[in-house]
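Chain residues, written in single-letter form:
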Amino acid sequence: MTQDELKALVGQAATAYVEPGSIIGVGTGSTVNCFIDALAKMPVPIKAAVSSSHASTERMRALGIEVLDANQVESLAVYIDGADEIDHAGHMIKGGGAALTREKIVADIAARFVCIADESKLVTTLGRFPLPIEVIPMAAAQIARRVRALGGEPALRAGVVTDNGGQIIDVRGLAITDPAAMEREINQWPGVVSVGIFARNKADLCLLGTAQGVRTLTF
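These numbers were taken from a predicted model, which means no experiment stands behind them.

Asks: Even after reading the chapter, I still don't get the overall build of the chain, so can you show me in this structure?
Replies: In terms of regular secondary structure, the chain is built from six helices and 14 strands. For 219 residues, the compact-globule estimate of 2.2 N^0.38 gives 17 Å, and the chain sits close to it at 17 Å. Looking at the chain alone, contacts between residues at least 24 apart form 72% of all its contacts between residues at least 6 apart. Summed over its atoms, the accessible surface of the chain is roughly 10000 Å², and 50% of this surface lies on carbon and sulfur atoms.

Encoded structure:
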């Protein structure tokens, strides 16, 4: 199966974790786009969604799905989103689409995080995929210096401005053996909006697309 076919497979499978008539959280990215398309075809629709990006909001509204602001809800039953990497404990690297901060906000409101990904995203140790850090622009050089002190190789993502007006620094060369500790460390640096390690808001479940079908991992 191609990667696109695997994404479509897990996107469809994720609808089984959506309660008709509920308000859910919806993430960002190509795999999530497959989920949004499947969501719009559910026989009994959801009530509404909270979205982590302008792109997902536009896609859902175009398909007739109501999108609410995060401030309009107290809780979400489930959050469906992809990952750039996920380990065997449910920790993830996210932010390849530059929506990491809003993804964390929506994930924090949800009672359950269901990750949808193809099998290439499953790793033993996070860090093969460059770690995104959203930063306030005036802090970019200082954050880059701090990253180098950790042994990483930072690079400003050229031409990218987040939905929050921030910049993205991508960090290569890190082996993230303690995701929770590194998340706490980087998040406390002045000028960091959010780091793309999802340890505090890790996945509860992962639907992994494989050539043999959907593999379900629980954490």
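Asks: Help me understand the sheet that holds strand E12 (residues 197-198), please; the structure alone is not making it clear to me.
Replies: Strand pairing in a sheet relies on backbone hydrogen bonds. The paired strands run either parallel or antiparallel. In spatial order, the strands read E5-E6-E12; together these three strands make up an open sheet with antiparallel pairing. Among the strands making up the open sheet, the edge pair consists of strand E5 (85-86) and E12.

Asks: In this structure, what is going on with the environment of Ala-211? I would like to understand it.
Replies: Within the secondary structure layout, Ala-211 lies in the loop between strand E13 (205-210) and strand E14 (213-218). For the pair Ala-211 and Thr-125, spaced 86 residues apart in sequence, the C-alpha to C-alpha distance is 23 Å. With sequence-adjacent residues up to four places away left out, Ala-211 is seen in contact with Met-1, Leu-6 and Glu-119.

Criteria and thresholds
Residues numbered from 1 in each chain as written. Predicted model: local features only at pLDDT ≥ 70, side-chain atom pairs only at ≥ 80, totals over all residues. Heavy atoms only, no water. Helix = DSSP H or I, 4+ residues; strand = E, 2+ residues; numbered from the N terminus. Rg over C-alpha atoms; globule rule 2.2 N^0.38 Å. Contact = heavy atoms within 4.5 Å. Areas by Shrake-Rupley, 256 points an atom, 1.4 Å probe, with all protein chains shown as cover. Pairing = 2+ DSSP bridges.

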